[in-house]
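The chain contents come next:
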Amino acid sequence: MVEGRVCLSKEVRNELELLKRKRLHRIKSETVCGPSGVTNMMSRSGGDCLRAPASCGVRLQGNAESFSRSNVASCEKDVFSKRKVDKFYTSDLEWTEKIPECPVYCPTKEEFEDPLVYLQKIAPEASKYGICKIISPLSATVPAGAVLMKEKAGFKFTTRVQPLRLAEWDTDDRVTFFMSGRNYTFRDFEKMANKVFSRRYYSAGCLPATYMEKEFWHEIACGKMDSVEYACDVEGSAFSSSPSDLLGTSKWNLKKLSRLPKSTLRLLETAIPGVTDPMLYIGMLFSIFAWHVEDHYLYSINYHHCGASKTWYGVPGHSALRFEKVVKEHVYTNDVLSVDGEDGAFDVLLGKTTLFPPNILLEHDVPVYKAVQNPGEFVITFPRAYHAGFSHGFNCGEAVNFAIGDWFPLGAVACLRYAHLNRVPLLPHEELLCKEAMLLNSSLELEDLDYSPADLASHHSIKAYFVKLIRFLHRARWSIMKSRACTSVSPNYHRTVVCTLCKRDCYIAFVNCSCYSHPVCLRHDIKSLDFPCGSHHCLFLRDDVREMEAAAKKFEQDNAISKAVERQAENGDDMYSYPLSNKFQNDVEDGYFPYCEINVDLKPEIATMTSATGQTVEYGHNSLSHNTGNFRPELTDALSSFAASTLCSFVEQVGSSAKNVQGLANLGNTNDKRFCEEVPENTYESSVLCLSREDRPG
């Protein structure tokens, strides 16, 4: 067998030829498509979890070290063939020495006690770089190999095949990843990967990181290896369950991270693999994780269990839009972009198959930092920080997402961008915000609570965004009742549902139709909705909405919170109101003011809304009720018909990864709204200060 190549079966070769004859690469799919019309794998590192799942196209059989192209004759550009891409200048690799290192932290065992407490401590400095490295003072006493081969009997995984080349990123030439069609045990993959490494370098040992970095970019541009394999998004953990393993029993065991007291994701009632539960990433020489940002702009933490080093590149969150602008103008051609404006590159980057050398970022003044991760080290990526990298040889890592209170401002930005792109969210942002706020409201009643400055900053972030959300929903509810858009009100016994129009998540309130299969958020003109089942609209409202409004009103008694909310209103912040028009900001409705009571009496033709000052405004209406006793039991079965829309059901297996979520509509409904040129440089500070004017759609 030729070094670095794999023989394809006759059936696979025929299938590739058939695909190319049909010119499937010219068909515009609802999902991001790679060359020859093969749809990207949807996953954490190999595709986009927010798009509808689709077939990976071709499952390649054989000894998958690489691919033979000799029998895949076509007039079209080949999936694996390298070609010169002028926009990526790689002849001179001296730029690799100009990328500065990210911060490295060496906590003591005492500082290492609680990961989220420690990360809050270093965040003001580390977040400015996008990524940082933490060297663990504890070592695992049970190796990852022993965990995966002995503690987890029968553990196997399937790899993805990654073409080792740069792409033009136009209609005819993009990169996609393929399923290898072969299952490995941990030991079998290690043997294969080490064999590839030793054939190339005549050595089984590690080589200097600076040397391997130049080798990687030279290989990507003009080398002889066609492809590599990468086992990404493998469900499971390599932390030992042995009580004698110091690292495994610590809070830095990634299986425990999402349930720690400061973790916002502890409030999720259903686990999400890769988000709340860690996933494994098992690589080989030059396996790639492409440029991407974490779902919902979450934090991520990656632990290197064993094997060769990884090189990471990170762009700080405050430069995310500058990063996307460079990608849009200097990497992608216009025919690749499915939407205009600033969301164009963001949309394609969500496919997680875009790789380009970071020197193009340096040339356009986008800051980039580097980390070389070794066994026993953690790498943290901060919210909205784009990152990419590659492996120096066989290795095994593990990663999981997390969020703390200062994440909510950026989480709100991510939700707004998903709404612009009509994408289904992965997390119930509104639900998490409300639960954190109500827990915080309860804790305020306790005395002598000793909060650190980082805790207070997180609390400020939660309070300000909770008040903004409650204010919007209260105003929207008033408007809906005034306009007689709904004919009944019932309690919402569901956790979170997804709006069928804009895909935003609804926790507090939503409107549904007669057949209860079209839940819609309050960000739409309800009276204009034309459901096939008729014009009857019912408002579903949480029975604890009054308690939430009371909590928001109490939060506003803090001058810092009230001023923050005022600044948001002055700057036209529509983080929670999009895609509703600006009528709530521009129209002063008779009798309305924040937190006025909305009491709807059961009268045949009259619904009364009584303000907190005793003023009563009456509107002709059919029976409306704010009384939870008005809930009709016979609706239970009908309501369950759209329960599949709830975010808690998203974690079911879809396609190749449990993180895949099926979208409910094609891309669309995208306004060319301005996003911030920069999030505040210090992500930590963004939880103390409201997002600047540039951080909001204009």
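Everything numeric here is computed off the predicted structure, so don't read it as measured data.

Asks: Mind showing me how you'd approach helix α9 (residues 408-420) here?
Replies: Helical geometry note: an α-helix holds 3.6 residues per turn, so side chains three or four residues apart project in the same direction. Compared with the 18 Å implied by 1.5 Å per residue over 13 residues, the 18 Å span of α9 between its first and last C-alpha is a close match. Most of α9 is tucked away, with 13 of its 13 residues classed as buried. One or two positions beyond α9, positive phi appears at Asn 422, with a value near 60 degrees.

Asks: Is there a simple way to think about the packing of helix α4 (residues 186-201) against helix α5 (residues 209-222) in this case?
Replies: A pair of packed helices is characterised by two quantities: the angle between their axes and the separation of those axes. Interaxial distance between α4 and α5 falls to 14 Å at its minimum, and their mutual angle equals 95 degrees. If you check the angle between α4 and α5, you find them roughly perpendicular. Taking contact as the criterion, the partners of Phe 197, Arg 200 and Tyr 201 in α4 are, on α5, Tyr 211, Met 212, Glu 215 and Glu 219. Partitioning the contact of α4 with α5 into residue classes produces four nonpolar, no polar and three charged.

Asks: Help me out: how do you make sense of the sheet that holds strand β7 (residues 288-292) in this one?
Replies: Taking strand neighbours across the sheet as the criterion, the four strands line up as β7-β12-β9-β10 in an open arrangement whose pairing is antiparallel. In this open sheet, the two strands that pair with only one neighbour each are β7 and β10 (369-373). Strand-to-strand twist of the sheet, defined as the mean angle between neighbouring strand axes without regard to direction, takes the value 15 degrees. Strand direction decides the pairing type here: β7 and strand β12 (residues 386-391), joined by three bridges, are antiparallel. By the bridge assignment for β12, Ile 288 is matched with Phe 390. Where α5 meets the sheet, it contacts β7, β9 (310-315), β10 and β12, and its direction lies at approximately 95 degrees from that of β12.

Asks: Would you mind going over the sheet that holds strand β18 (residues 538-541) with me for this structure?
Replies: The strands making up a sheet associate through hydrogen bonds between their backbones, and the pairing can be parallel or antiparallel. Within the open sheet, the three strands sit side by side as β14-β18-β17. Their pairing is mixed. Each edge of the open sheet carries a strand with a single partner, namely β14 (488-491) and β17 (509-512). Geometrically, the sheet is characterised by an average inter-axis angle of 25 degrees between neighbouring strands, direction not taken into account. Summarising the sheet, β14 and β18 pair through four bridges and their orientation is parallel. Counted as the bridge partner of Ser 490 is Phe 540 from β18.

Reading the values: the criteria
Residues numbered from 1 in each chain as written. Predicted model: local features only at pLDDT ≥ 70, side-chain atom pairs only at ≥ 80, totals over all residues. Heavy atoms only, no water. Helix = DSSP H or I, 4+ residues; strand = E, 2+ residues; numbered from the N terminus. Expected span 1.5 Å × (residues − 1). Buried < 20%, exposed > 50% of the residue type's maximum accessible area, 1.4 Å probe, protein only. Axes fitted to C-alpha atoms, helices over the stretch in contact; angles between N-to-C directions. Parallel < 35°, antiparallel > 145°, perpendicular 65-115°, else oblique. Contact = heavy atoms within 4.5 Å. Nonpolar A, V, L, I, M, F, W, Y, C, P; charged D, E, K, R; others polar. Pairing = 2+ DSSP bridges.

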